Amino acid sequence: MTAEQLHVELGRRYHFSASHRLHNPQLSGEENCRIYGKCNNPHGHGHNYAVEVRLSGKIDPATGMISNLADLDSFVNEKVIEPFDHRSLNEEVPAFRNAVPTTEILCIEIFRRLKSFPYAKLEAVRVQETTNNSFEFAGE
Amino acid sequence: MVYLTRKIEFSASHFYHNPALSPEENRRVFGKCNNPHGHGHNYALEVTIAGEPDPVTGMVLDLKDLKEILEREVMQRMDHRHLNIEVPELKGQIPTCENIARVIWHLLEPKITQGKLYKVRLYENSDLFADCYRNGAGART
């Protein structure tokens, strides 16, 4: 089998910490409480999020890499880590002004922000909210 | 179809250097990884085999057999070795995660005779890995 018959992906994990509150203003206080439970606490709470980014592309024979890690790191830092780390997702990330910042929606938002990475194809984004739950989005 | 995954860990040294580039370009492209004295990692390899469980044994393949294949093909070749110098399959290639995963795929695929090699995931550390699939293999695990 030649190399071209293989599909190779590069995976990189990033970390940020942020606070959020799950609350839908279209629902009553009781419904919010019933649906979101502790996550509806009006003072918010936080997580150490881990973001796994997977990219595919040709392995450049000169470097052995699908993408230069420094390029990828600076892109992810600018698009996701800087705007999200040690922030309130509800208050400080415009995408969540009108959307509930569940990790499902967060995962889609991160995918949307990273889709334009110029040097390789974004295959999937997986977000771990805690070590016990994670969410993956691979585009529409 | 059932997907069975076995994990092994090995430690090896490597460095990144492309003789076709100038020393300055090598340093710019590869950064710290260009140090000619090399450095090392604890690699973690996850190998996933896809197949139907045998009706008699209930196994996709015997884990003892897989363990032996991984020992022979990967551990003996790469564990506590210098990947640039001691692994002929990597000769002429920069020993990145992507290239090592690809080499491991080619070493393992012909040896897997029960079930099919579905995926090779190689971690260089917990924040960096490469996945290898057969092109068009579709769904993921």
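Everything that follows concerns the structure shown earlier in this document.
The rules behind these values
- Residues numbered from 1 in each chain as written.
- Chains lettered and ligands numbered in written order.
- Predicted model: local features only at pLDDT ≥ 70, side-chain atom pairs only at ≥ 80, totals over all residues.
- Helix = DSSP H or I, 4+ residues; strand = E, 2+ residues; numbered from the N terminus.
- Buried ≥ 20, exposed ≤ 12 C-beta atoms within 10 Å, placed from the backbone.
- Contact = placed C-beta atoms within 7 Å.
- Pairing = 2+ DSSP bridges.

Draft legend 1. Highlighting the overall build of chain B. From N to C terminus, chain B includes four helices and five strands. Helices (α) and strands (β) of chain B occur, in sequence order from the N terminus, as β-α-β-α-β-α-α-β-β. Across its three principal axes, chain B shows a C-alpha extent of roughly 60 × 30 × 25 Å. Taking all 141 residues of chain B together, the buried fraction comes to 31%. Contacts in chain B between residues far apart in sequence, at least 24 positions, make up 66% of those at least 6 positions apart.

Draft legend 2. Summary view of the interface of chain A and chain B. Every contact between the two is made by 17 residues of chain A and, on the other side, 24 residues of chain B. In the sheet, strand β1 (residues 6-20) of chain A pairs with strand β5 (residues 128-134) of chain B via seven bridges, with the strands oriented antiparallel. Looking across to β5(B), one finds that A:Leu6 is bridged to B:Arg134.

Draft legend 3. Focus on the pairing of strand β4 (residues 116-125) of chain B. All names here are of chain B. Taking burial as the measure, the ten residues of β4 include seven buried ones, the bulk of the element. Summarising the sheet, strand β2 (residues 39-51) and β4 pair through seven bridges and their orientation is antiparallel. Each residue of the ladder has a partner; that of Leu45, found in β4, is Leu122. Pairing of β4 with β5 involves six bridges; the strand directions are antiparallel. Its bridge partner lying in β5, Lys119 is registered against Tyr133. The antiparallel pairing of β4 with β5 creates a hairpin that spans two residues between the two strands.

Draft legend 4. How the structure looks around the pairing of strand β1 (residues 2-14) of chain B. Residue and element names in this part refer to chain B. In the sheet, β1 pairs with β2 via 13 bridges, with the strands oriented antiparallel. Bridge pairing links Ser11 to Asn42 in β2. For β1 and strand β3 (residues 81-82), the ladder comprises two bridges, and the chain directions are parallel. What sits directly across from Ser13, in β3, is His82.

Draft legend 5. Main features of the environment of B:Ile69. All names here are of chain B. As for its position among the elements, Ile69 is in helix α2 (residues 63-78). C-beta crowding within 10 Å serves as the criterion here: with 18 such atoms nearby, Ile69 is assigned to the partly exposed category. Distance from Ile69 to Glu89, taken between C-alpha atoms, is 17 Å for residues 20 residues apart in sequence. Excluding residues within four positions of it along the chain, Ile69 makes contact with Leu108 and Lys111.

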